[in-house]
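# Structural characterization, general
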Amino acid sequence: MGIKVIKTPECSKRKKVWIQMGAILAALVITSLFIMAIGHNPFKVYFSMLEGALGTPYRLKETLVKVIPLLITALGIAVAFKMKFWNIGAEGQILMGAFGASYMALNFDYLPKVVVLTMMIIAGMICGGLWGLIPGYLKAQFNTNETIITLMMNYIALKWIIYLQYGPWKDPSSLGFPKVANFKDSATLPNVFGVHIGWILALILVIIIYIFLNHTKKGYEITVLGESENTARYAGIHVKNVILIAIFISGALAGLSGMIEASAVSNTLNMEVAGGMGYSAIIVAWLSGLSAPIIAIVAVLFAVLIQGGAYIQTAFQIPQSAADIIQAMILFCVLGSQFFIQYKIVFYKYTLHSEKGGHTI
Amino acid sequence: MNQTVAVELKGITKTFGTVVANEKVNLTVQKGEIHALLGENGAGKSTLVNMLSGLYSPDGGYIYIRGKRVQLTSPKQAIEYGIGMVHQHFKLVESFTAKENIIAGKRDTWFTTHKHIEDKILSLCEKYDLKVELSKRVEDMSVGEKQMLEIIKVLYQGADILILDEPTAVLTPQEVERLFNIIRKMKEQDCAVILITHKLHEVMAICDKVSVLRRGENVATVKIAETTPTQLVELMVGRPTDLAIQNYKVAFGEPIYKVNNLTVKDKENVSVLDQVSFVMNTGEILGVAGVAGSGQKELCEALCGTSKISSGELIFKEQHLEGKSPREIYNRGIHIGFVPEDRLGMGLVGNMGIVDNLLLKEYYIQQGLLVNRKGLKDKANNLIHTLEVKTPGIDHPVKQLSGGNIQKVLIGRELALSPDVLVTSYPVRGLDIGAAYQIYDLLNKEKQKGVSILFVGEDLDVLMQISDRILVLCDGKVTGLVNAREITKEALGLMMAGHVQEEGGDYSGNKSYKNA
């Protein structure tokens with residue numbers, strides 16, 4: 001007997017779905033063992049995760065609030081990833097977007113609400129976009145490694161926000177507590193059906209990005225460039241321009257998330273405004289196969305996982321680390337299942353010296 | 001068991017996943033025999049010899065070496081049985097000297113400076129008429145020298161069963177002749193030589209026996225004296241095939257694309273094309289011959305505007321194209337079709353279907369911001385129909401098609417744009433014989449329509465048949481521009497090796513070809 005790992009030629013869509021469902025099931029089974037080990041009933045825990053995320057209108061709203069930035073950021077990441085530009089810098093782009101929006105919110109809050117919010121959206125997108133444009137330019141011009149540079153720029157952005165929070169932007173009226181002043185009402189996104197208006201923006205963006213990537217010339221150029229730079233050059237595509245445009249869009253969407261978080265959720269600028277969302281969005285974008293409609297679905301599921309995980313901490317009095325392990329286990333299985341989409345494992349009998357010379361699987 | 005048998009394979013089977021690479025192959029090679037393994041791409045030649053050289057293990061069947069059944073699990077073990085393989089892509093350490101490469105993997109002493117090592121190498125060289133500079137680094141060697149070194153390496157390791165995988169692909173005709181002499185010497189020394197090739201005339205010239213593989217099976221083993229090239233092709237392809245390439249004379253040829261003193265430099269500022277000048281005429285196929293890497297790729301890309309040139313002129317009917325991008329050229333109404341060497345990495349997007357690949361050359365001509373795929377569906381179906389492309393559907397990823405079908409999609413797209421000039425780089429490389437002839441046919445039809453075609457090729461027999469004139473490149477310089485009807489292979493070989501063609505030819509391109 002032997003075991004071989006074989007690359008599978010192409011996986012049908014249906015098989016992909018089955019594999020991923022199987023992965024989630026496997027994750028639930030493995031996690032059950034863990035939950036039992038810490039002395040709880042896994043079924044109860046899973047049920048209350050769902051309950052915690054979706055059980056009451058209030059919890060549902062909270063979950064939706066988590067979906068919005070995840071979804072918008074993941075759309076941005078999908079644009080860059082489609083070009084095989086590995087933008088790990090959404091976290092920093094969110095922070096810089098929040099910074100740009102906050103500048104407008106703090107300095108122009110005497111203007112009418114519509115004007116202030118529009119200025120905030122534009123400033124947020126431009127700041128996020130420019131923050132993405134820096135590694136994009138370096139890549140286009142000097143062929144630097146974007147993974148490292150976007151990652152490093154996250155820390156720069158974070159330290160910049162901390163500096164503002166503890167330094168020049170510290171609210172004098174906060175009695176020495178290091179925090180930026182709360183936004184006035186004119187700089188706060190309004191609610192629609194109980195959830196801030198960001199959800200409408202997110203839904204519109206899903207449609208726009210879907211059309212952009214699949215039906216526009218620029219989207220086509222981005223896809224071609226992602227497949228092969230040589231082909232792009234051959235077709236006469238202006239490679240540098242396309243890189244810059246795509247990464248600007250990618251950063252601008254992350255920046256928009258930052259604006260939304262600062263305006264509607266934290267109501268101020270602080271260093272928690274991104275809170276790892278930029279990294280989670282990478283997982284969302286990747287699991288969705290960079291398809292905009294699927295990103296919307298996966299973003300919801302991901303938010304349920306986060307909210308549910310938070311809920312069981314209080315409901316079952318289990319430590320946060322245990323809740324994190326459950327989340328991580330599910331992600332691990334789903335991401336790990338990608339292996340089975342590309343490869344299959346074959347068990348075979350070793351028949352080197354069989355007279356028939358046959359090969360049996 | 002007959003003592004003169006060097007290698008015997010019985011019922012060898014090897015599968016990769018669901019692909020059967022070899023099925024119940026039997027093969028016997030005698031000592032002192034040069035045995036050709038002939039077959040189209042993907043027929044299973046390389047898989048078979050890789051099992052003999054210990055790289056793969058067969059899934060079924062036996063291997064006998066000199067009558068003894070063996071199980072080869074590593075190349076090291078294979079070499080212990082005297083089996084040495086010279087790979088198509090050389091396995092040498094670039095920064096090592098010849099001597100270091102020879103003794104790597106076979107260390108008799110702790111020190112590499114022993115006199116007897118050199119003596120042993122030199123006596124081998126004398127025996128087989130090989131030449132090598134022991135202290136020369138591999139990175140400074142020509143392709144021919146590297147190959148020589150590979151051969152010495154396996155002989156030094158004690159091999160008397162040699163496997164040569166497509167050894168002539170990268171050599172000039174003169175180097176091929178030298179290699180053949182060495183192989184004949186090996187035969188005299190009672191070595192068994194297995195030669196993998198798909199060039200028929202080489203098989204006929206040097207081998208004693210030939211085994212033809214088709215779809216993983218050994219369809220026949222015949223003596224060279226008792227066969228003909230036509231029969232061999234029939235065995236390879238599985239049906240009778242006409243080997244002659246049609247060549248149509250086209251009455252009028254007008255100069256259309258002039259290249260003057262074209263120089264292209266690479267990143268290290270080394271000239272990869274040096275002062276290249278020639279003229280392309282309408283209704284003509286201009287062949288480009290040269291050892292691989294002589295500047296063919298750079299020439300094609302410069303002609304199409306996809307890469308930058310350092311100096312020189314590109315003049316299409318009075319219009320200067322130097323420094324223009326492919327789109328600027330197109331926008332001037334000049335259509336240059338380009339079938340690059342790297343089909344999936346450059347000419348097409350492997351993960352896209354035919355429709356989206358057709359879009360590659362059309363989307364920027366379309367109006368508005370959105371791409372329009374509607375009209376292209378008909379074009380795609382048309383292309384499938386006229387060129388007989390075999391695909392499950394027009395949106396099926398092209399990388400999953402066979403090599404011939406991929407090439408048809410690429411050429412079909414370029415032809416659909418009705419080019420004035422068509423640049424093709426190794427258009428039949430890797431295609432089976434049937435597909436190759438379809439491509440030759442297509443090119444000839446375009447030529448009859450008056451298209452000016454550049455054909456970069458590697459097989460001189462093909463080049464001499466399909467081309468009207470042949471441009472020879474060596475190290476980025478033009479070493480000859482000759483009439484394909486009047487030139488001999490030997491003369492081309494000399495030019496490919498750098499001997500500049502003597503003056504006096506009428507084909508330098510400054511005159512229109514119709515005078516020739």
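Cut-off values and rules
Residues numbered from 1 in each chain as written. Chains lettered and ligands numbered in written order. Predicted model: local features only at pLDDT ≥ 70, side-chain atom pairs only at ≥ 80, totals over all residues. Heavy atoms only, no water. Contact = heavy atoms within 4.5 Å. Buried area = accessible area lost by both parts, 1.4 Å probe. Salt bridge = Lys/Arg side-chain N within 4 Å of Asp/Glu carboxyl O. Polar contact = N/O pair within 3.5 Å; in protein donor to acceptor, adjacent residues only side chain to side chain. Helix = DSSP H or I, 4+ residues; strand = E, 2+ residues; numbered from the N terminus. Nonpolar A, V, L, I, M, F, W, Y, C, P; charged D, E, K, R; others polar. Buried < 20%, exposed > 50% of the residue type's maximum accessible area, 1.4 Å probe, protein only. Lys, Arg positive; Asp, Glu negative; His and termini not counted. Expected span 1.5 Å × (residues − 1). Phe/Tyr/Trp six-rings, centres within 6.5 Å; stacked < 30°, edge-to-face > 60°. Lys NZ or Arg CZ within 6 Å of the ring centre and 35° of its normal. Pairing = 2+ DSSP bridges. Axes fitted to C-alpha atoms, helices over the stretch in contact; angles between N-to-C directions. pLDDT = per-residue confidence, 0-100. Core = buried A, V, L, I, M, F, W, Y, C linked by side-chain atoms within 4.5 Å. Domains from an automatic or database assignment. Patch = residues over 30% accessible without salt bridge, like charges linked within 9 Å, V, L, I, M, F, W, Y side chains within 5 Å. Areas by Shrake-Rupley, 256 points an atom, 1.4 Å probe, with all protein chains shown as cover. Parallel < 35°, antiparallel > 145°, perpendicular 65-115°, else oblique. Left-handed = near helix turned anticlockwise from the far one by under 90°.

### Details of the interface of chain B and chain A
Taken together, the contact between chain B and chain A spans 45 residues of the former and 31 residues of the latter. Summed over both partners, the interface of chain B with chain A buries about 3100 Å², with 52% contributed by carbon and sulfur atoms. Put simply, chain B and chain A have two salt bridges between them. Among the ionic pairs, A:Glu221 bridges to B:Arg327, the shortest N-O distance being 3.6 Å. Seen at the junction of chain B and chain A, the total is 21 residue pairs in polar contact (both at pLDDT 80 or more). Elements with a contribution of two residues or more to the side of chain B that touches chain A: strand S1 (5-16), strand S4 (60-65), helix H10 (326-331), helix H11 (343-347), helix H12 (354-359) and helix H14 (403-416) of chain B. For the side of chain B that touches chain A, the element with the most residues is H11(B), which contributes four residues. Counted by class, the side of chain B that touches chain A contains 18 nonpolar, 17 polar and ten charged residues.

### Brief notes about unusual backbone geometry
A positive phi angle is found at B:Asp190, which is not glycine, with a value near 75 degrees. Tracing the chain through its elements places B:Asp190 in the loop between helix H6 (173-188) and strand S8 (192-197).

### Side note on the side chain of A:Lys217
Examined against the element boundaries, A:Lys217 turns out to sit in helix H8 (residues 217-227). Of the side chains bearing the opposite charge, A:Glu221 lies closest to the buried A:Lys217, which forms no salt bridge; the N-O distance is 8.3 Å. Within the structure, A:Lys217 has its side chain in polar contact with the backbone oxygen of B:Tyr363 (distance 3.2 Å).

### What about helix H10 (residues 239-266) of chain A?
Here H10(A) contains 28 residues, and its C-alpha end-to-end distance of 39 Å stays within 8% of the 40 Å for a straight helix at 1.5 Å per residue. At the C-terminal side of H10(A), A:Asn267 shows a positive phi close to 60 degrees.

### Describing the packing of aromatic side chains
In total, this model carries 18 aromatic pairs over all chains according to the counting rule given. On the numbers, 5.5 Å between centres and 25 degrees between planes, the contact of A:Phe99 with A:Trp169 is stacked. Of this pair, A:Phe99 sits in helix H4 (residues 90-107) while A:Trp169 sits in the loop between helix H6 (146-166) and strand S2 (191-192); the two residues are 70 residues apart in sequence, bridging distant segments of the chain. On the basis of relative accessible area, A:Trp169 is assigned to the buried category, the value being 19%. With centroids separated by 6.1 Å and ring planes inclined at 80 degrees, the aromatic side chains of B:Tyr330 and B:Tyr364 adopt a geometry described as edge-to-face. Here B:Tyr364 lies in the loop between H12 and helix H13 (374-386) and B:Tyr330 lies in helix H10, a separation of 34 residues in the sequence. Taken together, the aromatic side chains of A:Phe99, A:Tyr103, A:Trp160, A:Tyr163 and A:Trp169 make up a single cluster linked through ring pairs. Over the aromatic face of B:Tyr156 sits the side chain of B:Lys120, whose NZ or CZ is 4.5 Å from the ring centroid.

### Section: the sheet that holds strand S12 (residues 271-281) of chain B
Residues and elements named next belong to chain B. Taken in spatial order, the four strands of this open sheet run S12-S11-S14-S15, and their pairing is antiparallel. The strands lining the two open edges of the sheet, one partner per strand, are S12 and strand S15 (319-320). Examined bridge by bridge, strand S11 (residues 255-265) and strand S14 (residues 311-316) share five bridges and lie antiparallel to one another. Bridging across to S14, Lys258 finds its partner in Ile315. Where helix H9 (residues 296-304) meets the sheet, it contacts S11, S12 and S14, and its direction lies at approximately 60 degrees from that of S12.

### Examining the pairing of strand S20 (residues 477-483) of chain B
All names here are of chain B. Here S20 lies mainly inside the structure; five of its seven residues are buried. Sheet topology note: the strand S19 (residues 469-474)/S20 ladder contains six bridges and is antiparallel. Across the sheet, residue Ile470 finds its bridge partner in S20, namely Val482. Hairpin connection of S19 to S20: two residues between the antiparallel strands, including Asp475 at a positive phi of 55 degrees.

### A look at the pairing of S19(B)
Residue and element names in this part refer to chain B. Burial within S19 is extensive, with six of its six residues counted as buried. Of the two faces of S19, the one carrying Arg469, Leu471 and Leu473 and the one carrying Ile470, Val472 and Cys474 are both buried. Both strand S13 (residues 284-289) and S19 contribute to a ladder of four bridges, which runs parallel. Paired with Gly287 across the bridge in S19 is Ile470.

### Quick look at the confidence of the model for chain A
On average, residues of chain A carry a pLDDT of 88, and 94% of them reach 70 or more. Counting interchain partners and residues more than four positions distant, the pLDDT-below-50 stretch residues 350-361 of chain A has 34 contacts.

### Side note on the sheet that holds strand S7 (residues 161-165) of chain B
Think of a sheet as strands paired side by side through backbone hydrogen bonds, with each pair either parallel or antiparallel. Residue and element names in this part refer to chain B. With mixed pairing, six strands are arranged side by side in an open sheet as S6-S7-S8-S3-S9-S10. Only two strands of the sheet have a single neighbouring strand rather than two, namely strand S6 (83-86) and strand S10 (217-223). Going across the sheet, the axis of each strand differs from the next one's by a mean of 20 degrees, ignoring polarity. Pairing between S7 and S8: five bridges, direction parallel. Within S8, the position partnered with Asp165 by the bridge is Ile196.

### A look at the nonpolar core
Residues A:Met120, B:Tyr257, B:Leu262, B:Phe278, B:Leu299, B:Leu303 and B:Leu454 are the most contacted members of the largest nonpolar core, which totals 188 residues. Viewed by domain, this core spans two of them, domain 2 (255-335 + 418-508) and domain 3 (350-416) of chain B, each represented by three or more residues. What B:Leu262 contacts, discounting residues up to four positions off in sequence, is B:Leu273, B:Asp274, B:Gln275, B:Val276, B:Leu299, B:Ala302, B:Ile309, B:Ser311, B:Gly312 and B:Leu314.

### With respect to the side chain of B:Asp165
Residues and elements named next belong to chain B. Among the secondary structure elements, Asp165 is positioned in strand S7. In this structure Asp165 is buried but unpaired, with Lys45 as the nearest side chain of opposite charge at 6.7 Å. Not counting residues up to four positions away in its chain, the partners in contact with Asp165 are Ser46, Met85, Val86, His87, Gln88 and Ile196.

### Observations regarding helix H3 (residues 57-82) of chain A
With 26 residues, H3(A) should reach 38 Å at 1.5 Å per residue; the first-to-last C-alpha distance of 36 Å fits that figure. Within two residues after H3(A), A:Lys84 carries a phi angle of roughly 55 degrees, on the positive side.

### Quick look at the environment of B:Leu314
All names here are of chain B. With respect to the secondary-structure elements, Leu314 resides in strand S14. Residue Leu314 is classed as buried on the basis of its relative accessible area of 3%. Taking the C-alpha atoms as reference, Leu314 lies 7.2 Å from Tyr257; in sequence the two are 57 residues apart. Setting aside anything within four residues of it in sequence, one finds Leu314 in contact with Tyr257, Lys258, Val259, Leu262, Ala302, Leu303, Ile309, Gln319, His320, Leu321 and Glu322.

### Quick word on a nonpolar patch on the surface
All names here are of chain A. A surface patch of nonpolar side chains, amounting to about 570 Å² of accessible area, comprises Ile3, Val5, Phe339, Phe340, Ile345 and Phe347. At the level of elements, strand S1 (2-7), helix H14 (338-342) and strand S4 (343-348) are the ones that each hand at least two residues to the nonpolar patch. Its location among the elements puts Val5 in strand S1.

### A look at the packing of H4(A) against H10(A)
All names here are of chain A. Running from amino to carboxyl end, H4 crosses H10 at an angle of 55 degrees, the nearest separation of the two axes being 6 Å. Compared by their axis directions, H4 and H10 come out oblique. By crossing handedness, the relation of H4 to H10 is classed as right-handed. Together, Ala90, Gln93, Ile94, Gly97, Ala98, Ala101 and Ser102 of H4 and Ser250, Gly251, Ala254, Gly255, Ser257, Gly258, Met259 and Ala262 of H10 make up the contact between the two elements.

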